[in-house]
Amino acid sequence: MRQLKFLFTMLAGVLLLLPSRQAAAQSVQVEVVSDDGWTFTAYPARGSREGNWRSYVEARRNARYGIRAVNNTGRRVGLVIAVDGRNIISGDRSTLSSSERMYVLDPYGTATYDGWRTGRNRINRFYFTNEGDSYAGAWDDYSAMGVIAVAAYAERRPPVRPRPPLYSHRDGGELRSAPAPHGDREVSAAAESDAGTGFGEEEYSSSVRVEFRPESYPLEKHFLKYEWKETLCRKNIISCDAPPVFREGNRFWPDAGGFVPPPPRRDREDESWEEEDGAPDDRGRRRR
């Protein structure tokens, strides 16, 4: 009996050491999505752990994208979002602190943030580009290039005296004017550089202001490092040495031009068919 009790105690201790599925769950899920609605594949990075999630994402040149966040908690959360090290509401250099401007996400809510907020009802779109064409590059800030960073803060309870409001997920604020990047353009192989996010076309995006007081420390942080495919290959983040897939030529797109060739001759046991004499059957062959 004593041995069984000792064994049970040991098993209980082991179970306590095992991470539970709930403990490993993310309070806020963060993804990069395209305008078509599909999600950019994320590859977990070394150093990723509970509360500090890190992954790589393949960037596609000139593709518009959004940052989708899902609140998996029953509380409102504030999201400080920085792209290439710049707060996407204020445009300021970000440290992901609770004093920065943030979006507020309702309990179990979902929102997608598609661009730099330049006014109460407008944004300028995110798009993947080279670092010289990026919004951060326009400020000569390359300190966090190619990183989408999100810090999630729970709402502080109980509420305290009112303070100047922050921003909801449909919120707005004025950005100071930034030096204009060079615009949306193709990046040649010769001019290739690290990936960055550009200051794209203006779009309508409504917003409201809400009262929100965040806790001092974030629930968790997310860092998504986006890179060109060739960079991910070079870093062995993704496998790019798969054997080529050979397919038959397209019947409407021949590999080489030329005159009409003679039809192939097919020898068959039934010699009642041949290629030159007689009337054609329903398959185009001629009966002897």
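If you're wondering where the values come from, they're calculated on a predicted model, not measured in any experiment.

Cut-offs used in this document
- Residues numbered from 1 in each chain as written.
- Predicted model: local features only at pLDDT ≥ 70, side-chain atom pairs only at ≥ 80, totals over all residues.
- Heavy atoms only, no water.
- Helix = DSSP H or I, 4+ residues; strand = E, 2+ residues; numbered from the N terminus.
- Buried < 20%, exposed > 50% of the residue type's maximum accessible area, 1.4 Å probe, protein only.
- Contact = heavy atoms within 4.5 Å.
- Disulfide = S-S within 2.5 Å.
- pLDDT = per-residue confidence, 0-100.
- Core = buried A, V, L, I, M, F, W, Y, C linked by side-chain atoms within 4.5 Å.
- Salt bridge = Lys/Arg side-chain N within 4 Å of Asp/Glu carboxyl O.
- Polar contact = N/O pair within 3.5 Å; in protein donor to acceptor, adjacent residues only side chain to side chain.

Draft legend 1. Molecular detail of the overall build of the protein chain. Within the protein chain one finds 4 helices and 17 strands. Among the 288 residues that make up the protein chain, the fraction classed as buried is 38%. Within the protein chain, counting contacts between residues at least 6 apart in sequence, those at least 24 apart form 78% of the total.

Draft legend 2. Highlighting the state of the cysteines. Per the stated rule, a full pass over the model turns up 1 disulfide. A disulfide bridge connects Cys233 with Cys240, and the sulfur atoms are separated by 1.7 Å. In this structure, the disulfide formed by Cys233 and Cys240 twists by about -70 degrees around the S-S bond and is classed as left-handed. The class for Cys240 is partly exposed, based on a relative accessible area of 39%.

Draft legend 3. Inspection of the confidence of the model for the protein chain at higher detail. Taken residue by residue, the protein chain gives an average pLDDT of 76. The fraction at 70 or more is 64%. Here residues 4-23 scores under 50 on pLDDT; set against residues more than four positions off or in separate chains, the count is 1 contact. With pLDDT under 50 throughout, residues 169-191 is counted as low confidence; its partners more than four residues away or in other chains account for 68 contacts.

Draft legend 4. Representation of the nonpolar core. Of all hydrophobic cores here, the largest spans 30 residues; its most connected members are Tyr65, Leu79, Val83, Ile88 and Tyr113. With 4 residues, strand E5 (residues 77-83) is the single largest residue contributor to this core. The contacts of Ile88, once residues within four sequence positions are left out, are Ile81, Ala82, Val83, Tyr103, Tyr113, Gly115, Trp116, Arg117 and Phe126. Core analysis: the second largest hydrophobic core is formed by 11 residues, Leu96, Val147, Tyr153 and Phe212 among them.

Draft legend 5. Main features of unusual backbone geometry. Notably, Asn62 is not glycine yet its phi reads approximately 70 degrees, a positive angle. Here Asn62 lies in the loop between strand E3 (52-59) and strand E4 (64-71). Owing to a relative accessible area of 15%, Asn62 belongs among the buried residues under this scheme. A positive phi is found at Asp84, a non-glycine position, where the angle reads about 55 degrees.

Draft legend 6. Geometry of the pattern of salt bridges. Inspection of every chain in the model, using the stated rule, returns 11 salt bridges. Two residues, Glu155 and Arg76, come together in a salt bridge whose shortest N-O distance is 2.7 Å. Of this pair, Glu155 sits in the loop between strand E11 (147-154) and strand E12 (166-167) while Arg76 sits in the loop between E4 and E5; the two residues are 79 residues apart in sequence, bridging distant segments of the chain. Taking the shortest distance from any N to any O, the salt bridge between Asp141 and Arg86 comes out at 3.0 Å. Of the two residues, Asp141 is situated in the loop between helix H3 (135-138) and E11 and Arg86 in strand E6 (residues 86-87); the sequence distance between them amounts to 55 residues. Judged by relative accessible area, Asp141 falls into the buried class, the value being 5%. Through salt bridges with shared partners, one network takes in Asp35, Arg125 and Glu203.

Draft legend 7. Looking closely at the side chain of Glu155. Among the polar contacts listed, one links the side chain of Glu155 to the side chain of Arg76, at a separation of 2.7 Å. Once you skip the residues sitting within four places of it in the chain, Glu155 turns out to touch Arg75, Arg76, Glu211, Phe212, Arg213 and Glu215.

Draft legend 8. Quick peek at the environment of Cys240. Tracing the sequence through the fold places Cys240 in the loop between helix H4 (229-234) and strand E16 (273-274). With 11 residues separating them in the primary sequence, Cys240 and Lys229 have C-alpha atoms 8.9 Å apart. Ignoring sequence-local partners within four residues, the contact set of Cys240 consists of Lys229 and Cys233.

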